[in-house]
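Single-letter residue listing:
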Amino acid sequence: MSALLSIRGLSVAYGQIEALKNASLEVGQGEVVAILGANGAGKTTLMRAISGLAPKRAGSIHWEGREITRLAADKIVRLGIAQAPEGRRVFGTLTVAENLELGGYTRPAREVRAGLEEVYRLFPRLAERRRQLAGTLSGGEQQMLAIGRALLARPRLLLLDEPSLGLAPLIVQGIFANLKEIAAGGITILLVEQNARAALRLADRGYVLEVGRVVMSDSAAALLASPEIRDAYLGRGAGARG
Amino acid sequence: MGTFIQQLINGLTVGGVYALIALGYTMVYGVLRLINFAHGDLCILGAFIGLTVLTGGLGGGHPGAALLALAFIAAIIAIAIAGVLLEIIAYRPLRRADRLAAVVSALGASMLIENGIMLIWGPDVHVFPPDLLPKTSWRVAGAAISFTQLMIILISCALMAALYGFVNHTRFGTAIRAAAIDQDAARLMGINVNRVIGSVFVIGPALGAVGGLFIGVYYREAYFTMGWTYGLSAFIAAILGGIGNIPGAMLGGVLLGLFNAFAAGYVSSSWQDAITFLLLIAILILRPTGLLGERVAEKV
Ligand SMILES: Nc1ncnc2c1ncn2[C@@H]1O[C@H](COP(=O)(O)OP(=O)(O)OP(=O)(O)O)[C@@H](O)[C@H]1O
Ligand SMILES: [Mg+2]
């Protein structure tokens, strides 16, 4: 497997707190890879590190064989890595359309127009609300907006940090159906989730993070079947988030 | 009726100037959550640079439109460069530091510029040449509007309209608004936030230089502590409108100018500042976020 994204021995610390310790992982072209882990395991830190938002203490990140460890965040987007961050972080006082257009900030205007239509097709609710301020959307709609906004960058790798956070089970199902469609379109996905069952059903492979370390990595099917995973992350029934 | 129209004209003139200067405070606050205390001094530095160009090129005669335009362009360019240097030297190294450190740095930069002006131009009040602008004035509904007033009102409005269009209807303008809301999220869009911050330190001081030179031309004087006097008024205007909010700074500036003028016209000009502060207090009690600040509650 020639890795699209390859992370080796990555450590990230905030002052004294080491949030990520010697973490290594790979994402291949066209894969959906899930990252599981409890609160504070370092999942968001990993995503922020890939996007160039977290300070790295050691280790390296390579994109298509090229080192991007210390590249600025805006340059990383230009390489084809976009993120829908934890908590959605939509621009609340801008309209839905403005949020989406910002997602295409690095792309030529013509491509953004085409991309907007694609996103409106994927999320018809956003099309109806394109003139509405993003801060007035429901949580589920905001998540659609965060994903749509990331898609407008035309990413080859889409980073998703807890897209199911705080959403009702039915909405979560809808979002995962959307993700399946996005993945089928050929976009590689790295997905952080506490909703382990839904994530592993979508994913090809998964990694488990525990207090900043990668403690397990396997195919999604094997992880779903593993008793440790079942006890730690799947214990609370399908769909619902622990 | 005549008094009313006259104060309206006076108020709009001063209000336009306040608004131009207030925009600099509000745009910097928007992206950095920092009060750039040196902004008023930068604006007055613009007035001094403009004055120097005018008197240097004058040779006794009438300045003419070309020289006047040159004075404005020189002030705009010099103050825009000064704004960028200010950000790089005084604020960028402290971006991750304590908020208080940046405030101290801002106050230090203000004093440095103020004293720099005194060092170069001296502590005296400089008088602008009397024949700078045509003495023409027009009568409107029992009041008079001078050429200078009309020029200030029209140019302020044009600059504000241009800024409004830029910020609301261009890609880079939208990026400025996004960076003001959430810098990390803006970075995830591929926005170079450093460039956004740099642009704000170009646009704000450039508009401020025009405002500063307008003050000089209108009151026909410039002195080195003027940055504090007018900076404070413009800062109050920014707070009135809701600091961080661009249309708010425009509205706050015009309202404050009108309020000042009516207070001077109907009460007494010695009560002007007291009435200004009463207005500020009243608005902050009724709307702590200013007139246009944070209209939308953001869901988390
Ligand atoms: N900016 C920060 N400053 C200091 N410590 C931080 C910062 N961000 C994260 N941490 C710490 O790093 C550790 C990992 O945090 P991180 O947000 O990566 O966890 P997570 O796996 O995403 O958790 P969750 O599931 O709750 O989102 C935590 O102990 C957290 O307190
Ligand atoms: Mg997290």
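Residues numbered from 1 in each chain as written. Chains lettered and ligands numbered in written order. Predicted model: local features only at pLDDT ≥ 70, side-chain atom pairs only at ≥ 80, totals over all residues. Heavy atoms only, no water.

**So, the interface of chain A and chain B**
- Taken together, the contact between chain A and chain B spans 32 residues of the former and 23 residues of the latter.
- On inspection of chain A and its partner chain B, the count reaches three salt bridges.
- Between the two partners, chain A and chain B, sit six residue pairs in polar contact (both at pLDDT 80 or more).
- Mapped onto the side of chain A that touches chain B, the elements with two or more residues apiece are helix H2 (73-79), helix H3 (96-103), helix H4 (109-122) and helix H6 (139-151) of chain A. (Contact = heavy atoms within 4.5 Å. Salt bridge = Lys/Arg side-chain N within 4 Å of Asp/Glu carboxyl O. Polar contact = N/O pair within 3.5 Å; in protein donor to acceptor, adjacent residues only side chain to side chain. Helix = DSSP H or I, 4+ residues; strand = E, 2+ residues; numbered from the N terminus.)

**A few points about the site of ligand 1**
All names here are of chain A.
- In the vicinity of ligand 1, 14 residues are found, and the nearest of them are Lys43, Thr44, Thr45, Glu86 and Gln194.
- In this structure, an oxygen atom belonging to ligand 1 sits 2.9 Å away from a main-chain N or O atom of glycine 42.
- Between threonine 44 and ligand 1, the recorded distance is 2.7 Å, taken from a side-chain N or O atom to an oxygen atom.
- Relative to its unbound accessible surface of 630 Å², ligand 1 loses 62% to contact with the protein.
- In terms of residue class, the shell around ligand 1 is made up of five nonpolar, six polar and three charged. (Near = heavy atom within 4 Å. Areas by Shrake-Rupley, 256 points an atom, 1.4 Å probe, with all protein chains shown as cover. Nonpolar A, V, L, I, M, F, W, Y, C, P; charged D, E, K, R; others polar.)

**Quick notes on the sheet that holds strand S1 (residues 3-14) of chain A**
Residues and elements named next belong to chain A.
- Read from one edge of the open sheet, four strands run S2-S1-S4-S5, paired in antiparallel fashion. Each having just a single partner strand, strand S2 (17-28) and strand S5 (66-67) make up the two edges of the open sheet.
- Here strand S4 (residues 56-63) runs beside S5; their pairing, made up of two bridges, is antiparallel. Counterpart to histidine 62 in the pairing with S5 is glutamate 67.
- Running at roughly 115° to S1, helix H1 (residues 43-50) makes contact with S1, S2 and S4 of the sheet. (Pairing = 2+ DSSP bridges. Axes fitted to C-alpha atoms, helices over the stretch in contact; angles between N-to-C directions.)

**As for the coordination of the magnesium ion (ligand 2)**
Residue and element names in this part refer to chain A.
- The magnesium ion (ligand 2) binds to the protein through Thr44 (OG1) and Glu86 (OE); the donor distances cover 1.9 to 2.2 Å. On the criterion of sequence distance, the pair formed by threonine 44 in helix H1 and glutamate 86 in the loop between strand S6 (81-84) and H3 is long-range, its members being 42 residues apart.
- Residue threonine 44 is classed as partly exposed on the basis of its relative accessible area, which comes to 21%. (Donors = N, O, S within 2.8 Å, 3.2 Å for Na, K, Ca; no water. Buried < 20%, exposed > 50% of the residue type's maximum accessible area, 1.4 Å probe, protein only.)

**Considering the layout of surface pockets**
- As a volume, the second largest pocket reaches approximately 880 Å³.
- Residue lining of the second largest pocket: 35 residues in total, with Leu32, Arg95, Arg96, Gln183 and Arg187 of chain B positioned closest to the centre.
- Residue assignment for the lining of the second largest pocket shows that the elements contributing at least two residues are H2 of chain A together with helix H1 (2-32), helix H4 (99-121), helix H6 (171-181), helix H7 (183-188) and helix H8 (193-219) of chain B.
- Its residues assigned to classes, the lining of the second largest pocket shows 18 nonpolar, five polar and 12 charged. (1 Å grid on protein atoms, 1.4 Å probe; cavity = no way out; pocket = protein on both sides within 12 Å on 5 of 7 lines; lining within 4 Å. Points joined across faces, edges and corners; volume = space filled by probe spheres on them.)

Read these as geometric descriptors, not functional statements.
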